[in-house]
Amino acid sequence: MNYLQSAIIIYIAGMMITDLFLLYLLFKSSNASRRAVLFTSSIFFYMSAEAADIGYILFEHGSILIEPISLILASIPIFLSITVKDRGYWKDDWVSSTFLSLTLVIDEVAMGYAYSTAFGPHMSPLVSAVSNPAFGIMMLIDASFFLAMKRHNIDMKEISLFTFAVSMAFMPNVFRTFTSSVQLVGAIVSSLIMIVNIVTLYLLQMRRISLNAQILSLSLAGFDFIMMLGLSVFASSSDLTFLSYSMIASMIWYFVLIFYRFSDKKIVRGLKISMAFVFLINMAELTMGFGDSVMGFNVTNALFSTHMMTNSMNHIMRTPHTNPFWWIFPMNPLSMTLMNFHSALMTSHNLLLSAFWGSYMLIMMSTMMPFYILMMGAEMLFLVYERYKSSKNSYVKRWALAIIVAMPLFVWLIPYYTNFYIFGMSGMLIPVTLLGFAISMVAISIASAMFGRKAFCNTLCMSAHMWTNVYYDQFKPKKSSKFWDYFRWLPLMAMIGFFSYWVAGEMGVVQFLKLGSSTINPLNLFGMFTLNYVWWFFFFMTPVFGTYSCARQGWCGYGTFVGLFNKVVFKVRSKDVEVCRSCDKLSCESSCPSKIEIRNDVLNKGFSNRISCVGCGDCVEACPFDNLYIQDIRNVFRKQPNKY
């Protein structure tokens with residue numbers, strides 16, 4: 001490091017100290033007005049102009065004539081502070097807060113540019129300005145500074161803003177001057193922090209129904225999505241332009257949320273707000289899973305390429321024998337999508353069919369990646385834990401605890417993509433065998449006979465985690481239709497048909513269809529279409545269709561199959577039928593996500609054991625008379641059912 005580079009670092013450090021000092025004065029002042037903000041902004045402008053000029057002149061060999069021009073432009077806020085009408089407290093003034101946010105971002109981008117001219121990377125000015133360690137350090141300092149300013153009243157909003165800013169500090173472009181493995185580590189750390197941010201947004205949406213909270217949660221969800229889309233573009237093409245611009249826009253909005261005091265008035269959170277939030281959050285998670293999986297596969301592929309046999313599949317799929325990170329980045333979702341799209345196009349010459357097949361592969365590959373599954377599992381398990389804490393019923397608490405314990409064990413010990421779990425990712429990495437298929441069918445059948453449908457839908461299917469938590473639980477449907485009682489048999493028959501076709505193919509009775517060079521496995525085709533097309537559509541539309549639409553409407557053939565075993569020993573029973581007869585509240589039915597007519601069943605039979613019942617226990621918890629309990633193999637012979 002020469003003396004000029006040392007001088008740049010010292011200058012940037014001095015600028016950051018000055019910035020924080022001025023911001024501290026503004027925050028502590030109880031009467032700082034628009035003119036004070038304009039005066040402060042002019043200082044930011046002067047420092048940013050000097051930082052950019054120093055980098056441009058000393059390291060880019062630019063003309064010194066840029067100096068007077070930039071200083072004149074930086075003086076504009078000074079003249080504005082003299083001429084504009086003054087206003088009240090600056091945090092209540094939208095113009096002042098926004099203008100200060102813009103000038104502060106310009107100041108920090110200028111510092112990033114000065115650093116990049118001295119140390120690299122040497123790309124376009126704006127991209128280079130946010131693609132270096134100086135930018136990451138500045139975001140860490142900003143996040144810590146503003147959190148410290150709120151140290152006496154830190155709430156969920158402050159934690160959301162803090163994690164949002166810190167996630168930007170570890171984006172892969174920050175480590176552009178380092179090796180690709182360091183960039184990957186940065187991307188994973190950034191994603192992990194963003195997962196925490198998404199959890200806080202869920203909690204904020206649920207706990208604070210105010211304009212301030214809704215603006216913050218919706219906007220941060222949107223910017224999380226935009227940044228993760230930028231990460232996906234970078235992972236796919238090594239182009240940092242979109243990611244860099246998205247981070248600059250995110251910085252501006254972050255400072256606006258810090259500076260401006262949005263109204264805290266109560267609002268009605270309607271369908272539009274809920275739909276927008278669910279859509280943005282899920283798109284952020286999907287793009288995060290896609291981008292990190294593509295980047296992780298490519299980086300680990302490059303790291304271990306010298307230890308692999310060269311073949312045409314190295315850019316698509318890995319095995320435990322060639323890559324120690326195969327378990328987290330086993331495939332390249334991008335390569336798999338493009339390969340299947342081109343294969344379908346060459347075979348069918350039908351662009352519409354090829355687009356469908358390509359989108360099918362894109363969604364399937366993104367949602368089946370272990371990184372995505374673990375990420376989503378972590379988010380949803382925390383929300384299930386919140387449900388566990390808030391529940392007062394022992395059965396519901398145990399049920400939530402079973403989900404929390406079972407899902408991680410299931411993911412790690414019997415992952416979706418092995419041949420021992422047919423209803424999941426069905427052999428995407430390890431081929432499914434007839435023996436494995438039989439073992440899976442028998443195991444799930446026995447478990448469902450003993451514990452009911454919940455043995456599958458709650459402990460193995462991710463719908464339980466995504467729908468049975470403190471956020472999504474609010475979207476229980478208001479009513480259902482008899483139509484679904486008949487419709488549910490169509491998906492079940494389709495499942496049996498596809499399974500039978502696969503068994504016949506494995507026995508050599510029939511030949512599987514081919515699309516180009518790819519053999520279409522009917523087990524994978526039906527499973528992935530159900531889990532990644534149909535299921536994800538209903539999950540995105542949860543505020544419209546309600547929770548557990550898979551069970552209520554019956555489009556999941558797997559769920560209908562295991563639901564048949566609800567007829568064995570699993571039942572929702574009444575301790576005293578006469579109590580149900582005299583009840584006019586029907587809290588059990590209004591709380592049921594499957595909209596089962598529990599009271600009628602109890603009055604007619606003494607219990608309810610519908611195929612659509614998932615055993616969630618909401619009816620048990622909702623009963624104001626504590627008159628319902630769950631019966632399964634654990635207590636079918638007991639004389640004291642109230643224990644549950």
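Criteria and thresholds
Each residue is numbered by its place in its chain's sequence as written, counting from 1. Residue-level local features of this predicted model are given only where pLDDT is at least 70; pairs of side-chain atoms are given and counted only at 80 or more, and the full residue set underlies all totals for whole chains, interfaces and linings. With hydrogens and water set aside, each side-chain value is computed from the structure's full complement of heavy atoms. Starting at the N terminus, helices and strands are each numbered in turn, a helix being any DSSP run of H or I of at least four residues and a strand any DSSP run of E of at least two. Buried, partly exposed and exposed residues are distinguished by accessible area as a fraction of the type maximum, computed with a 1.4 Å probe on protein chains only: under 20%, between the cut-offs, and over 50%, respectively. Residue contacts are counted whenever heavy atoms from the two residues lie within 4.5 Å of one another. Working definition of accessibility: Shrake-Rupley area with a 1.4 Å probe, residue cover restricted to the visible protein chains. This count recognises Lys and Arg as positive and Asp and Glu as negative, with His and chain-terminal groups excluded. Just so you know, the charge point we use is NZ for Lys, CZ for Arg, CG for Asp and CD for Glu. Patches in this entry comprise residues that are over 30% relatively accessible and not in a salt bridge; like charges within 9 Å are linked, as are nonpolar side chains (Val, Leu, Ile, Met, Phe, Trp, Tyr) within 5 Å. Within this document, salt bridges are pairs made up of a side-chain nitrogen of Lys or Arg and a carboxyl oxygen of Asp or Glu, the two lying within 4 Å of each other. In this analysis, strands are considered paired if DSSP registers two or more bridges between them. The rule is short: rings of Phe, Tyr and Trp, with Trp giving its six-membered ring, pair when the centres are within 6.5 Å, and they are stacked under 30 degrees, edge-to-face over 60, tilted in between. As a reminder, the over-ring test applies to NZ of lysine and CZ of arginine, requiring each to be within 6 Å of the ring centre and within 35 degrees of the ring normal. pLDDT measures the predictor's confidence residue by residue and takes values from 0 up to 100. To form a nonpolar core, buried Ala, Val, Leu, Ile, Met, Phe, Trp, Tyr and Cys residues must be joined to one another through side-chain atoms within 4.5 Å. Each polar contact in these results corresponds to two N or O atoms within 3.5 Å; when the atoms are within protein, one needs to be able to donate a hydrogen and the other to accept it, and residues that are neighboring in sequence are counted only if both atoms are side-chain atoms. Fitted lines through C-alpha atoms serve as axes, helices being fitted only where they are in contact, and the angles separating the N-to-C directions of these axes extend from 0 to 180 degrees. By definition in this entry, angles of less than 35 degrees are roughly parallel, angles greater than 145 are roughly antiparallel, angles of 65 to 115 are roughly perpendicular, and the rest are oblique. Handedness of a crossing follows from how the near helix is turned relative to the far one, being left-handed for an anticlockwise turn of less than a right angle and right-handed for a clockwise one. Throughout this entry, Asp, Glu, Lys and Arg are counted as charged residues, while Ala, Val, Leu, Ile, Met, Phe, Trp, Tyr, Cys and Pro are counted as nonpolar. The remaining residues, Gly among them, count as polar.

Caption draft 1: Local environment of the overall build of the protein. When helices and strands are tallied, the protein shows 29 helices and five strands. Projected onto its principal axes, the C-alpha positions of the protein cover 90 × 65 × 40 Å. When the 644 residues of the protein are sorted by exposure, 56% land in the buried category. Within the protein, residue pairs in contact and separated by at least 24 positions form 75% of the contacts whose partners lie at least 6 positions apart. Surface exposure of the protein reaches about 27,200 Å², of which carbon and sulfur atoms provide 69%. With 46 positive and 33 negative side-chain charges, the protein shows a separation of 12 Å between the mean positions of the two kinds.

Caption draft 2: The arrangement of a nonpolar patch on the surface in detail. Among the surface-exposed residues, Tyr56, Ile66, Ile69, Leu73, Ile76 and Leu80 lie close enough to one another that they form a single nonpolar patch of about 500 Å² accessible area. When residues of the nonpolar patch are assigned to their parent elements, the largest contribution, three residues, is made by helix 3 (residues 66-74). Tracing the backbone through its elements, the reader meets Leu73 in helix 3. Here Leu73 falls in the exposed class, since its relative accessible area comes to 53%.

Caption draft 3: View of the pairing of strand 3 (residues 571-574). Of the strand pairs in this sheet, strand 3 and strand 5 (residues 628-631) are connected by four bridges, and their pairing is antiparallel. Bridging from a neighbouring strand, Val572 pairs with Ile630 of strand 5. Where strand 3 lies against strand 4 (residues 607-608), two bridges are found, and the strand directions are antiparallel. Its bridge partner lying in strand 4, Arg573 is registered against Phe607.

Caption draft 4: Just the sheet that holds strand 5, in detail. Spatially, 4-3-5 is the arrangement adopted by the three strands of the open sheet, whose pairing is antiparallel. The sheet terminates laterally at strand 4 and strand 5, the two strands that pair on one side only.

Caption draft 5: Structural view of the environment of Ser180. Here Ser180 is to be found in helix 9 (residues 180-207). Taking C-alpha positions, Ser180 is 9.4 Å from Asn298, a pair spaced 118 residues apart along the chain.

Caption draft 6: Layout of the packing of aromatic side chains. One pass over the full model with this rule turns up 50 aromatic pairs. A ring pair is formed by Trp253 and Phe262, whose centres lie 6.2 Å apart and whose planes are at 55°; its orientation type is tilted. Note on accessibility: Trp253 and Phe262 belong to one class, buried. Here the aromatic rings of Phe561 and Phe565 are separated by 5.6 Å at their centres, their planes lie at 80°, and the arrangement is edge-to-face. The side chain of Lys397 reaches across the aromatic face of Tyr388, ending 4.2 Å from its centre. When the ring centre of Phe607 is taken as origin, the NZ or CZ atom of Lys571, which lies over that ring, is 5.1 Å away.

Caption draft 7: Local environment of the confidence of the model for the protein. Mean pLDDT over the protein works out to 86, with 92% of the residues at or above the 70 mark. Looking across the protein, the model is least confident in strand 1 (residues 514-515), with a mean pLDDT of 74, and most confident in helix 11 (residues 241-259), with 96. Predicted confidence is poor over residues 307-313, with pLDDT under 50, and the contacts of this stretch with residues over four places away or in other chains come to five contacts. Here residues 416-426 scores under 50 on pLDDT; set against residues more than four positions off or in separate chains, the count is 61 contacts.

Caption draft 8: The nonpolar core, seen in detail. Core analysis: the largest hydrophobic core is formed by 181 residues, its most contacted members being Trp90, Phe146, Tyr202, Tyr254, Phe259 and Tyr472. Among the elements that take part in this core, helix 12 (residues 271-303) stands out by supplying twelve residues, more than any other.

Caption draft 9: Representation of unusual backbone geometry in the model. Geometrically, the link from Gly120 to Pro121 is a cis peptide bond, its omega value of 0° lying close to zero. Positionally, Pro121 belongs in the loop between helix 5 (94-119) and helix 6 (125-129). Positive phi, close to 55°, is recorded for His349, a residue that is not glycine. The residue His349 is located in the loop between helix 13 (333-348) and helix 14 (351-368) in this model. The backbone of Leu586 shows a phi angle near 55°, a positive value even though the residue is not glycine.

Caption draft 10: Structural view of the pattern of salt bridges. Under the counting rule described, the total for this entry stands at 17 salt bridges. Note that Asp264 and Arg208 form a salt bridge whose closest N and O atoms lie 3.4 Å from each other. A residue pair is termed long-range when its members are at least 10 positions apart, and Asp264 in the loop between helix 11 and helix 12 and Arg208 in the loop between helix 9 and helix 10 (211-237) qualify at 56 residues.

Caption draft 11: Broad picture of the environment of Ile195. Tracing the chain through its elements places Ile195 in helix 9. Taking the relative accessible area as the measure of exposure, Ile195 reaches 9% and is therefore buried. When near neighbours in sequence (up to four residues on either side) are disregarded, Ile195 contacts Met288, Met375 and Glu379.

Caption draft 12: View of the side chain of Asn469. With respect to the secondary-structure elements, Asn469 resides in the loop between helix 19 (463-467) and helix 20 (483-487). A polar contact of 3.0 Å, which involves the side chain of Asn469, links it to the backbone nitrogen of Tyr471. Polar contacts involving the side chain of Asn469 include one to the main-chain amide nitrogen of Tyr472, which spans 3.0 Å. If we skip the residues at most four places from it in the chain, Asn469 touches Met380, Leu383, Val384 and Arg387.

Caption draft 13: Inspection of the packing of helix 5 against helix 11 at higher detail. Between helix 5 and helix 11, the least distance of the axes is 9 Å, while the angle of their chain directions is 140°. Taken together, the axes of helix 5 and helix 11 are oblique relative to one another. Taken as a pair, helix 5 and helix 11 cross one another with a handedness that is right-handed. Across from Trp94, Ser97, Thr98, Leu100, Ser101, Leu102, Leu104, Val105, Glu108 and Val109 in helix 5, the residues of helix 11 making contact are Ile248, Met251, Ile252, Trp253, Phe255, Val256 and Phe259. Residues belonging to the contact of helix 5 with helix 11 are distributed by class as follows: 13 nonpolar, three polar and one charged.

Caption draft 14: Fine view of the packing of helix 9 against helix 10. Where helix 9 contacts helix 10, the axes come no closer than 10 Å and their chain directions differ by 160°. The angle between helix 9 and helix 10 places the two elements in the roughly antiparallel class. Along this stretch, helix 9 crosses helix 10, giving a crossing that reads as left-handed. Where helix 9 approaches helix 10, its residues Gln183, Ala187, Ser191, Met194, Asn197, Ile198, Leu201, Leu204 and Gln205 are matched on the opposing element by Ala213, Gln214, Leu216, Ser217, Leu218, Leu220, Ala221, Asp224, Met227, Met228, Leu231 and Phe234. Residue classes in the contact of helix 9 with helix 10 are distributed as 14 nonpolar, six polar and one charged.

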